[in-house]
Amino acid sequence: MEKFDEFGPEKILQVYDPETGMKGFTVVDNTALGPGKGGIRMTPTVTVEEVFKLARTMTWKCALADLPFGGAKSGIVADDKKISPEMKKKIVKAFAEGIKVIAPDVYVAAPDMNMAEEEMEIIAKTIGSKKACTGKPKSMGGLPHELGSTGFGVYHATLVAIKHLGLNVKDMTVAIEGFGNVGTFVAKFLSNDGAKIIAVSDSKGTIYNKNGLDYNKLMKVKEKTGTVINYVKCEKRDCEDIISIDADILITAAIPDLIKDKDVNKLKFKIISQGSNIPMTAETEEKLHKKGVLVIPDFVANAGGVISSYIEYIGGSEKKMFKTVEEKITKNTRLVLELSKKKNIKPRDAGMEIAIDRVKKGMKCRPMK
Ligand code: NAD
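Here the structure is a predicted model, which means the values were calculated and not measured.

(A) Molecular detail of the sheet that holds strand S8 (residues 196–202). Across the sheet, which stays open at both edges, the seven strands sit in the order S10-S9-S8-S7-S11-S12-S13 with mixed pairing between neighbours. The open sheet terminates on both sides in strands that have one partner only, identified here as strand S10 (235–237) and strand S13 (294–296). Going from strand to strand, the sheet's axes swing by 15 degrees on average, the running direction of each strand aside. With four bridges joining them, strand S11 (residues 249–252) and strand S12 (residues 271–274) adopt parallel strand pairing. From the neighbouring strand, Ile249 faces S12, where its bridge partner is Ile271.

Right under this line is the structure:
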């Protein structure tokens, strides 16, 4: 187990049910700002160490998003592909029985790997509280990620970055890596504002047209053929060529480790907005910062999803969700960029300073539960 430090982990709960063979655990890292929030992953190899690291990431993400949530995460040790759907339901139910002692008071669950809304329904019903988890079906007040909360947040973070550099969205050219849930919504909102999407990639390749790609046509081609690569009137390139595009903005919305140290010198973007998680290392970000590229880190830009979870938790509507994502992402991105400028540190370091400060203040005012 990683070392305990001044922030946590506050609780590690191990649960076991001999009847189903369910083995699981929850790590509640820090609850200074509210109950620990974090998803449950079901994999055959999940460990307490892995879950602790993810719980710690949630502590900072929720703090920076300015939510009354702490950080937590859970693991259930099972092979989703080897168990029957009935057995999976039994295991999830047994896990929910096990975490009743902490949920929803100090832990609020959510889906992660191999967990979806059906499982969240079982958890909420078994625990007897809609507050026990988010990611529930719509019929139980769930706000599905198909609404596009994360992409909507990445779009607002990008708008703040554009203004921060004294630029105008209408003059911007944009490249988007990944055209799934996150990428499509960012493309929609930025093109509605008059930005020119000149390149888009998905798992089949990159398409490029310096005169712009039409959002509605992109959506049609993706829907009909499953990939943007069949878009007409464009150059076709390999997936990894998306980072060589000469555009003002890059939106990352697919894979981790997209940009490597060796790419830093050839990149031409003014802004990189991280919709995906960890598209580059902190060291690469530092080099880009020194080069004058404005990088909005993942935990600042892609917090729309966790903000949406909070609105679901308090029983809020879709309308309230969009309003809150816009307000919080805009406010927090501004704070991060101002601090980064003031101290001449990269935005990730500024974001961490703000998050740590908020958690420390919370710890002073609230005793551990
Ligand atoms: P998604 O599965 O809906 O879409 C992923 C897209 O990436 C697809 O278009 C796929 O074709 C494309 N892709 C796969 N490999 C690629 C490659 N090598 N090059 C270019 N494109 C490639 O996923 P999503 O929900 O949009 O999530 C995208 C990223 O954002 C992931 O890293 C995810 O962890 C992160 N993220 C998502 C959310 C959310 O709420 N959806 C929240 C936070 C972070």
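(B) Spotlight on empty space enclosed by the protein. Under the counting rule described, the total for this entry stands at one cavity of 30 Å³ or more. If you trace the largest cavity, you find it lined by Lys61, Leu64, Ala65, Phe299, Val300, Ala303, Ile307, Lys328, Ile329 and Asn332. Those elements that provide at least two residues to the lining of the largest cavity are helix H1 (48–64), helix H8 (298–301) and helix H10 (318–343). With three residues, the top contributor of residues to the lining of the largest cavity is H10.

(C) Structural detail: helix H4 (residues 149–164). Here H4 contains 16 residues, and its C-alpha end-to-end distance of 23 Å stays within 8% of the 22 Å for a straight helix at 1.5 Å per residue. Most of H4 sits inside the fold, with 14 of its 16 residues counted as buried. Once H4 finishes, Gly166 follows within two positions and takes phi at roughly 70 degrees, a positive value.

What counts, and at which threshold
Residues numbered from 1 in each chain as written. Predicted model: local features only at pLDDT ≥ 70, side-chain atom pairs only at ≥ 80, totals over all residues. Heavy atoms only, no water. Pairing = 2+ DSSP bridges. Helix = DSSP H or I, 4+ residues; strand = E, 2+ residues; numbered from the N terminus. Axes fitted to C-alpha atoms, helices over the stretch in contact; angles between N-to-C directions. 1 Å grid on protein atoms, 1.4 Å probe; cavity = no way out; pocket = protein on both sides within 12 Å on 5 of 7 lines; lining within 4 Å. Points joined across faces, edges and corners; volume = space filled by probe spheres on them. Expected span 1.5 Å × (residues − 1). Buried < 20%, exposed > 50% of the residue type's maximum accessible area, 1.4 Å probe, protein only.

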